[in-house]
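Each chain, written out:
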Amino acid sequence: MAALKYWVWLTNLSGLSNRSRWLLLEHFSSPEEIYYADEAQLPLVEGLSSAQAQLLQDKSLRRAEEILAECARKDIFIVTVQDAAYPARLRSIYDAPLLLYGKGAMPLFDEEAAIAMIGTRKCTPYGVHAAEALGYEMAKQGALIVSGLAEGIDASSHKGALRAGGFVAGVLGCGVDVVYPASSRRLYEDIAATGVLLSEYPPGSPPERWHFPERNRIISGLSVAAVVVEAPEDSGALITAHAAMEQGRDVFAVPGPIDSYASRGCNALIRDGAGLVMEAWDVLGGYQGRFPHRIHSDKAKLPQLPEGGVMPEETEAVPVVELPVLDLKRNKEGLTDDQLRIIRLLDTKEGKLTDEVAEESGLPIRRVLSALTVLEIDGYAAQCSARCFVRTVDIKDEKKEG
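1. Quick look at the environment of Ser29
Turning to its location among the elements, Ser29 is positioned in the loop between helix H2 (18–27) and helix H3 (31–36). Polar contacts involving the side chain of Ser29 include one to the side chain of Glu33, which spans 2.8 Å.

2. Notes on the pattern of salt bridges
Following the criterion strictly, the structure yields 13 salt bridges and no others. When the shortest N-O distance is used, the salt bridge between Arg271 and Asp272 registers 3.1 Å. Residues Arg271 and Asp272 agree in their burial class; the two are exposed. If you follow the salt bridges from partner to partner, you end up with Glu70, Arg73, Lys74 and Asp177 in one network.

3. Quick notes on helix H11 (residues 237–246)
Residues of H11 that are buried: Ala237, Leu238, Thr240, Ala241, Ala243 and Ala244. Buried positions along H11 lie against strand E3 (114–118), helix H10 (211–221), strand E7 (225–228), strand E8 (250–253) and helix H12 (264–271). In the stretch just after H11, Gly248 is the one whose phi turns positive, near 80°.

4. Some details on the side chain of Ser147
Relative to the helices and strands, Ser147 resides in strand E4 (residues 144–147). Ignoring sequence-local partners within four residues, the contact set of Ser147 consists of Met117, Asp154, His158, Ala169, Gly170, Val171 and Ile219.

5. Focus on the sheet that holds E4
If you walk across this open sheet you meet the nine strands as E1-E2-E6-E5-E4-E3-E7-E8-E9, and the pairing is mixed. Among the strands making up the open sheet, the edge pair consists of strand E1 (77–80) and strand E9 (275–276). Taken together, the two bridges between E8 and E9 define a ladder with parallel strand orientation. The residue bridging Phe252 from the neighbouring strand is Gly275, located in E9. Here H10 sits on the sheet and contacts strand E2 (99–104), E3, E4 and strand E5 (168–171); the angle it forms with E5, its principal contact strand, is near 155°.

6. Observations regarding the packing of helix H15 (residues 354–361) against helix H16 (residues 365–377)
At their nearest, the axes of H15 and H16 sit 9 Å apart, and the two run at 115° to each other. Of the possible angle classes, the one that applies to H15 and H16 is roughly perpendicular. Both H15 and H16 take part in a crossing whose hand is right-handed. Here Thr354, Asp355, Val357, Ala358 and Ser361 of H15 lie close against H16, whose contacting residues are Ile365, Val368, Leu369 and Leu372. Looking at side-chain class alone, the contact of H15 with H16 contains six nonpolar, two polar and one charged residues.

7. Overview of the packing of aromatic side chains
For the structure on display, the rule yields six aromatic pairs. Arranged with centres 5.1 Å apart and planes meeting at 55°, the rings of Tyr6 and Tyr35 form a pair that is tilted. A residue pair is termed long-range when its members are at least 10 positions apart, and Tyr6 in helix H1 (residues 4–11) and Tyr35 in helix H3 qualify at 29 residues. Judged on exposure class, the residue Tyr6 and its partner Tyr35 are both buried. Each member of the aromatic cluster is reached from another via a ring pair, and the members are Tyr6, Trp9, Tyr35 and Tyr36. Positioned above the aromatic ring of Tyr35, the side-chain terminus of Lys59 is 5.0 Å from the ring centre.

8. Some words on the environment of Cys174
Among the secondary structure elements, Cys174 is positioned in the loop between E5 and helix H9 (185–194). The spacing of Cys174 and Thr194 is 20 residues in sequence and 20 Å in space, taken between C-alpha atoms. Leaving out residues up to four positions away in the same chain, Cys174 has contacts with Tyr180, Ser199, Tyr201, Ser205, Pro206, Pro207 and His211.

9. A closer look at the layout of surface pockets
Of the pockets and cavities examined, the largest pocket occupies roughly 690 Å³. Together, 23 residues line the largest pocket, and Arg121, Asp234, Ser235, Gly236 and Ala237 are the ones closest to its centre. Per-element accounting of the lining of the largest pocket gives the leading share, five residues, to H10. Class assignment for the residues of the lining of the largest pocket results in 11 nonpolar, six polar and six charged.

10. Examining the packing of helix H14 (residues 337–345) against H16
It is the contact of H14 with H16, at a shortest axis distance of 9 Å, that shows an interaxial angle of 80°. Considering their axes alone, H14 and H16 lie roughly perpendicular with respect to each other. Seen from H14, the contacting residues are Asp338, Gln339, Ile342 and Ile343; seen from H16, they are Arg367, Val368, Ala371, Leu372, Val374 and Leu375.

11. A closer look at the pairing of E7
Burial along E7 is two-sided: Ala225 and Val227 and Ala226 and Val228, pointing in opposite directions, are all buried. Relative to E7, E3 runs parallel, the two being bridged by four bridges. Along E7, the bridge assignment pairs Met117 with Val227. In this fold, the crossover linking E7 to E8 by way of H11 has right-handed handedness.

12. Some points on the nonpolar core
Counting 107 residues, the largest nonpolar core has Leu24, Leu56, Ile115 and Met138 as its most contacted members. If one sorts the elements of this core by residue count, helix H7 (residues 125–140) sits on top with seven residues. Filtering out sequence-adjacent residues up to four positions away, Ile115 remains in contact with Met138, Ala143, Leu144, Ile145, Val146, Ser223, Val224, Ala225, Val227, Val283 and Leu284. Formed by 19 residues, the second largest nonpolar core is a distinct cluster that contains Leu328, Leu340, Ile342 and Phe389.

The rules behind each value
- Residues numbered from 1 in each chain as written.
- Predicted model: local features only at pLDDT ≥ 70, side-chain atom pairs only at ≥ 80, totals over all residues.
- Heavy atoms only, no water.
- Helix = DSSP H or I, 4+ residues; strand = E, 2+ residues; numbered from the N terminus.
- Polar contact = N/O pair within 3.5 Å; in protein donor to acceptor, adjacent residues only side chain to side chain.
- Salt bridge = Lys/Arg side-chain N within 4 Å of Asp/Glu carboxyl O.
- Buried < 20%, exposed > 50% of the residue type's maximum accessible area, 1.4 Å probe, protein only.
- Contact = heavy atoms within 4.5 Å.
- Pairing = 2+ DSSP bridges.
- Axes fitted to C-alpha atoms, helices over the stretch in contact; angles between N-to-C directions.
- Parallel < 35°, antiparallel > 145°, perpendicular 65-115°, else oblique.
- Left-handed = near helix turned anticlockwise from the far one by under 90°.
- Nonpolar A, V, L, I, M, F, W, Y, C, P; charged D, E, K, R; others polar.
- Phe/Tyr/Trp six-rings, centres within 6.5 Å; stacked < 30°, edge-to-face > 60°.
- Lys NZ or Arg CZ within 6 Å of the ring centre and 35° of its normal.
- 1 Å grid on protein atoms, 1.4 Å probe; cavity = no way out; pocket = protein on both sides within 12 Å on 5 of 7 lines; lining within 4 Å.
- Points joined across faces, edges and corners; volume = space filled by probe spheres on them.
- Right-handed = clockwise from strand over helix to strand, strands pointing away.
- Core = buried A, V, L, I, M, F, W, Y, C linked by side-chain atoms within 4.5 Å.

Next comes the structure, spelled out in structure tokens:
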């Protein structure tokens, strides 16, 4: 922790660019050495201007200590570029962030077939469906989905992956404790509970406009490939696609109607050599040999919601009149064992706390939260209060009938 404060100090010096920080780190062995360096040593740093060197005379650690205290209070972890947990895949890109703030569980990205799914905020129903379906299919086939948690394509990709029970990573253009946009609060909470939220900005950082182009290099840098689902020619998603190309990542795009403004960017990418995507395996097939422990070819289509069912948007109990029926005997929806065990424990009238579900099911709380998240997204369960769930479908089940 003592050394960590120097990392936070260095990355929060106002006016010092990320590239300047890298130049300093390449000359000195650590931020602590930079902090204690003699003023006469700084002109020896190749590429560092005198004005940038002058910024290092600010030796106050107060801001760094405040950030560390905030991280401890909000259960936010920090990974520096010299830590083993920092992805080598990301470290290899030009101008990689020196540290990442995170909420959730940091995966071993270098062992994962991480796929960036990106696109426009102002998407069409076609784009929403394509993003959710591909996110679902890729997660079912073993991919880790990375996106930016923005409205539109990003959010739909995350939702699809979560419905499949997959692990997702959201890279933010603000602090990991800041929910942006506000409409994504439930998605933010789901990812924090079952995946990981990452940012190079400290807690409390607002979603500044210039943060998002910078954030894009991290989305592609964590991934082996980028898939543009729907994007017009002036979309910010194309910035991420071009960053991916510069980083040596594969780029794919979902085609759209030739007269659709929202698909012109995607169609242009395909025309210029990007891979065409009609299903998840168009992307993942090329990575099975590289990630045989993760990728498998079992195809799975995005299931439809139960007839008459809805995906609840509010945290109120769903009415229990004429509920749709979910046939667990046939399990056509492909629910996992955890999801089957939990949905059988939920009641349609009285809410049950997640701690109760964990105790009754014998499952770890993290697996309970993950299963409940998917059941909620699929419309089979809903939160009636904080961490309290009801079932929103009647179930046809031989275990119940017996």
